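Report on the structure
Given next are the chains, with one letter for each unit.
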Amino acid sequence: MAAAETALCVAPDAAQIEFKQPPENIVMQERRVVVTGLGMVSPLGNDVESSWKAALAGESGVGPITQFDASAFGCQIAAEVKDFDATKYLEVKEVRRFDRFIHLGVAAGLMALEDAALEITEALSPEIGVAIGSGIGGLPMICTNHQAYSERGPRRISPFMIPGSIVNMVSGQLAIMKNLRGPNIAHSTACSTGLHAIGEAMHMIRRGDATVMVAGGAESTIHPLAIGAFDAMHALSRRNDDPKTASRPFDKDRDGFVMGEGAGILVLEELEHARARGAKIYAEIVGYGLTGDAFHITTPSTDGPSRCMRNALRHAGLSPEDIDYLNAHGTSTPLGDANEVKAIREVFGEHTAKMVVNSTKSMTGHLLGGAGGIESVFTVKAIENQISPPTINVVEQDPECDIDCAANAARPMRIRYAMKNSFGFGGTNSTVIFKAFEA
């Protein structure tokens, strides 16, 4: 080896390396991030406004399962998306190639981008990213292909099974359709997925990885295998005779969650960019916390959620007394609801009685990886309209869930700061704080 080449391979003496400090006159400031677009497909409606109107009216999206014959199952109810036409958003051949969760996620993403009125120029395209996740992804498509293989052999496996079912394909397909060439990522953290995606997207904008992020979650697993699996865990409500009252967070007689499906997407944008183009600003996202329980695969602890909420408050520079409204994880499971209320009380103390802590899952069911997305949309709408949606089906409130949950009726109220919680299997927790926008 030549001497010059040898010199290139020799590590420099550490003592000779000069580490320069940035000039003192440079002040690093985190960029402010605002919400400029909303999109949703939910069991309450196929867009944001119809879903929001139904939520304020306290309507339930739960009913008997129609997507398959559930008569042999202990749980025969779900919160299905109704009368949804995927061909409004995707070509017919794409509808056939993609699992339903991708249909729902792409639809909500396109709605959010349209709502944001964002002109996607060639120059801006590399600055727009996508972070849309799913907790389970394309389980129905995987099962369909496995059945085809079992009955007719490997030649019947679709070449589109992989790209049509993998978790990241809502982000991937939306980016392809709209030429979004910024960060492209998909989180999968069980029931925390949608909220983790939103929180991480905020950080991407703050640190300069993107100017705009399309973020949230999508899920559609109302399928025999998924219903059967959750039912085998005794996680699902079996209130089959009265499905509209089956999802009852904080009620003494809650007996499990109700599976839901849908997607909720937010357009997050750097404040000065949004201002420069005259965008409508719904709210500002100011805090994000995430923790792990390190406790149990399904049973929650109070330590992880309480630290998560504290981390979000610390990140936002807020005290507990600043929060007016909290959209809870509130799944309608006996242990989960009581545990979350206990964690809230550990963080907020006496201020707990001064907040509304509601659960919109009482109306939509639990969308798993899509829950944090649609519930963030509801939280932003609550700030925009200064009103809390109700927690329906509270007949006799559980003494262990002694909170003001806006039981059975929407509540006009002052909301300056709103917190959103999502917690998932494996002990994964996320909390985001939104703020009424102030210039």
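Here, the structure is the one placed above.
Quick caveat, the model's predicted, so the values are computed rather than measured. (Residues numbered from 1 in each chain as written. Predicted model: local features only at pLDDT ≥ 70, side-chain atom pairs only at ≥ 80, totals over all residues. Heavy atoms only, no water.)

What to know about helix H13 (residues 371-385)
Test applied: Numbering of helices and strands starts at the N terminus; helices are DSSP runs of H or I of at least 4 residues and strands are runs of E of at least 2. The span one expects for a helix is its residue count, reduced by one, times 1.5 Å. Relative accessible area decides the class of each residue, using a 1.4 Å probe on protein chains only: under 20% of the type maximum gives buried, over 50% gives exposed, and in between gives partly exposed.
In this model H13 runs 21 Å from its N-terminal to its C-terminal C-alpha over 15 residues, within 8% of the 21 Å that 1.5 Å per residue would give. Judged by how many residues are buried, H13 sits mostly within the fold: 13 of 15 residues are covered. Among the residues trailing H13, Gln386 stands out with phi positive, at a value near 55°.

Observations regarding the packing of helix H2 (residues 48-56) against H13
Condition: For helices, the axis comes from a line fit to the C-alpha atoms of the stretch in contact; other axes are also lines fit to C-alpha atoms, and the angle between any two N-to-C directions lies between 0 and 180 degrees. Comment on the angle field: the value is read as roughly parallel under 35 degrees, roughly antiparallel over 145, roughly perpendicular from 65 to 115, and oblique elsewhere. For this analysis, residues touch if any pair of their heavy atoms sits within 4.5 Å. Each residue gets one of three labels, nonpolar for Ala, Val, Leu, Ile, Met, Phe, Trp, Tyr, Cys and Pro, charged for Asp, Glu, Lys and Arg, and polar for the others, Gly among them.
Contact pair H2 / H13: the axes reach a minimum separation of 11 Å and the direction vectors enclose 75°. One way to sum up the angle between H2 and H13 is to call them roughly perpendicular. Taken together, the residues of H13 that come into contact with H2 (itself represented by Val48, Glu49, Ser51, Trp52 and Ala55) are Val377, Phe378, Lys381, Ala382 and Asn385. Taken together, the residues of the contact of H2 with H13 sort by class into six nonpolar, two polar and two charged.

Some remarks on the pattern of salt bridges
Here is the rule we go by: We define a salt bridge as a contact between a side-chain nitrogen of Lys or Arg and a carboxyl oxygen of Asp or Glu at a distance within 4 Å.
Summed over all chains, the structure comprises 23 salt bridges. One salt bridge connects Asp231 with Arg238, and the closest N-O pair in it is separated by 3.1 Å. Here Arg238 falls in the partly exposed class, since its relative accessible area comes to 43%. Two residues, Asp398 and Arg254, come together in a salt bridge whose shortest N-O distance is 3.0 Å. Here the residue Asp398 occupies a position in the loop between strand S11 (387-388) and strand S12 (411-412), and Arg254 occupies one in the loop between helix H8 (224-232) and strand S7 (262-270), the gap between them amounting to 144 residues. The burial state of Asp398 is the same as that of Arg254; both residues are buried. Members of the salt-bridge network, linked through shared partners, are Glu49, Lys280, Lys381 and Glu384.

All we've got here are geometric facts, nothing functional implied.
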